[in-house]
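Chain and residue survey
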Amino acid sequence: MGALLDLGYLLGTVVLSPWIAYRLTVSRGWHELATRAGLKLGEPLQGSIWLHGSSAGEVSLLRPLIARLERELPSTPLLISTFTSTGLEAARKLYPRHRVTPFPLDLSFVVRRCLRRYRPKLVVIVESELWPNFILAARRCGVPVIVVNGKMSAKSHRLYARTRLIPRVLRELTAFGVQTEEHAERYRSLGVAPERIRVTGNMKYDLPLPRADDERTRVLRAALGYTDGTVVVIGGSLHGGEDETLLDACRGVDPRGERCALILVPRYPSDTELFEQHARERGLKPVRKTAVDAGREEPPGRSGVLIVDTIGELGALYGVADVAFVGGSLFYRGSNKGGHNLMEPAVLGVPVLFGPYNFSFKETVEDLLRADAGRLVRDRGELERALAQLVASPEARRELGERGRQVVLRGQGATERNFALLQAALRRDSDACSSSALPAKCREQSSLRPAEPTSSSPGPSSRPPAHER
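This one's a predicted model, so the numbers in the text were calculated from it and none came from an experiment. (Residues numbered from 1 in each chain as written. Predicted model: local features only at pLDDT ≥ 70, side-chain atom pairs only at ≥ 80, totals over all residues. Heavy atoms only, no water.)

This brings us to the packing of aromatic side chains. If you walk through the whole model with that rule in mind, you get 10 aromatic pairs. Consider the rings of F176 and Y187, whose centres lie 4.9 Å apart with planes at 45°: the pair is tilted. Here F176, found in strand 6 (residues 175-178), pairs with Y187, found in helix 11 (residues 181-189); they are 11 residues apart in sequence, far enough to count as distant. The buried category is assigned to F176, whose relative accessible area is 0%. Ring centres 5.7 Å apart and planes at 75° place the aromatic pair Y332 and Y357 in the edge-to-face group. Taken as a pair, Y332 in the loop between strand 12 (323-326) and helix 17 (343-347) and Y357 in the loop between strand 13 (352-354) and helix 18 (362-370) lie far apart in primary sequence, 25 residues in all. Aromatic rings pair up to connect W50, F83, F103, Y118, W131 and F134 into one cluster. Sitting above the plane of the F83 ring, R36 keeps its charged end 5.6 Å from the centroid. (Phe/Tyr/Trp six-rings, centres within 6.5 Å; stacked < 30°, edge-to-face > 60°. Helix = DSSP H or I, 4+ residues; strand = E, 2+ residues; numbered from the N terminus. Buried < 20%, exposed > 50% of the residue type's maximum accessible area, 1.4 Å probe, protein only. Lys NZ or Arg CZ within 6 Å of the ring centre and 35° of its normal.)

Encoded structure:
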């Protein structure tokens, strides 16, 4: 099977070579090509744990799990791999103590070479990165492969169900920690043994979140010119067009600017000038955060619109706000793009509004809506009506915000449940690929065989985590 996969990959590379060359040039991926091809792999590792996430989001998601591994297994080398250039950049910043590498090309001879160099005793895959040759080679080495924070979209499930390859690969994996029962059922329908699947919840709830700090919030609100009677509305991680919708909705709610103050936080700082232009077109005065910090501009208060042209301050500014609209969600941007972190404002007790395109945070949206802890708005009219209700009623803001905070708190704990899966696999396979030489079966071209379940395989959770109930 490895030879057939290699042939398919190589044919695909030839057909897509112009696009691949373009992407490598744009992302500067040429620098990593030798490593991806299994050539410049760095110093050998012994008995490592290999953790892989596709891109920056999945790599960031590993933070609480890696922190747990650092505490419990301080002498075990950790190898973090990712597929994208942005993921590599993020991983190098987040995990400077550990080896970070681009994920190898999924060619059988390349992944075998990488496994010989890194000698993992466990492979951990985040969410849905299912590279067949890599998984099969690891299993032939006797290395347990575990999926954490696993998910499978309905679209992927339909595609996999029409093929034989992915279902056969899935049956090779040691254990699955999946986000919801819906995802678990999709894996089961593709032939994964139920005893290998555990509903562990979503590790996004365990990511470091801003904490309420009344004193810091009070000081920051005063520094930005917001009085106790001002209702501060923030638009976080806004994409193009969302700022205009929010500007218009706020003007509809408070045409004279007597009650509301508005903060706009572009997802990309390069959009700052465009956001300023949109505010001026509506007769409003935009003020940049950097200008306020440097003393070049007066704090905007209710008389202007604060445009946040800095990075890393969104969490603190959510704490200043009374109502939050989380962007990247109002307009369609692609089937794999949608929404940003709703948990940041929710955990602070700030009522959360969001648009319909939240593919990246689908489970969180469902949790919030199920608990009546957030508001879905589809257009400017719905956004304006939701804002009007919340601006007018401190009690409505308090109740909605508290329900959102409880949703986040109930959803926490997935990291511990996934760590338990890792511990169980390490106990069963403590000697796999950790000797001075790889087992002979790592070098064999054995046929694909489903891994046999063991009596100690993690079984299905007796109760799903709180946010699933």
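Taken together, seven strands build an open sheet; the order of strands is 3-2-1-4-5-6-7 and the sheet is parallel. Strand pairing shows two members of the sheet lacking a second neighbour, strand 3 (99-102) and strand 7 (197-199), which therefore form its edges. This sheet shows a mean twist of 20° between the axes of neighbouring strands, independent of strand direction. Of the pairings in the sheet, the one linking strand 1 (residues 48-53) to strand 4 (residues 120-126) comprises five bridges and is parallel in character. Looking at the pairing, H52 lines up with I125 of strand 4. The strands touched by helix 7 (residues 108-118) within the sheet are strand 1, strand 2 (78-82), strand 3 and strand 4, with strand 1 carrying the most contacts at an inclination of about 135°. Lying on the sheet, helix 21 (residues 414-428) is in contact with strand 1, strand 4, strand 5 (145-150), strand 6 and strand 7; it crosses strand 5 at an angle near 175°. (Pairing = 2+ DSSP bridges. Axes fitted to C-alpha atoms, helices over the stretch in contact; angles between N-to-C directions. Contact = heavy atoms within 4.5 Å.)

What follows covers the sheet that holds strand 12. Taken in spatial order, the seven strands line up as 10-11-9-8-12-13-14 in an open sheet, and their pairing is parallel. Where the open sheet ends on each side, the last strands, each with one partner, are strand 10 (285-288) and strand 14 (375-376). Strand contacts of helix 13 (residues 242-253): strand 8 (231-238), strand 9 (260-266), strand 11 (304-307) and strand 12, with the helix running at about 165° to strand 8, the strand carrying the most contacts.

Of the residues making up helix 6 (residues 85-94), those classed as buried are G87, L88, A90 and A91. Considered in projection along helix 6, the buried side chains sweep an arc of 165° and stay on one side of the axis. Away from its buried face by more than 90 degrees, helix 6 exposes T86 and K93. Looking at the buried side of helix 6, the elements it contacts are helix 3 (33-36), helix 4 (56-61), strand 2 and strand 3. (Arc of directions from axis to C-beta.)

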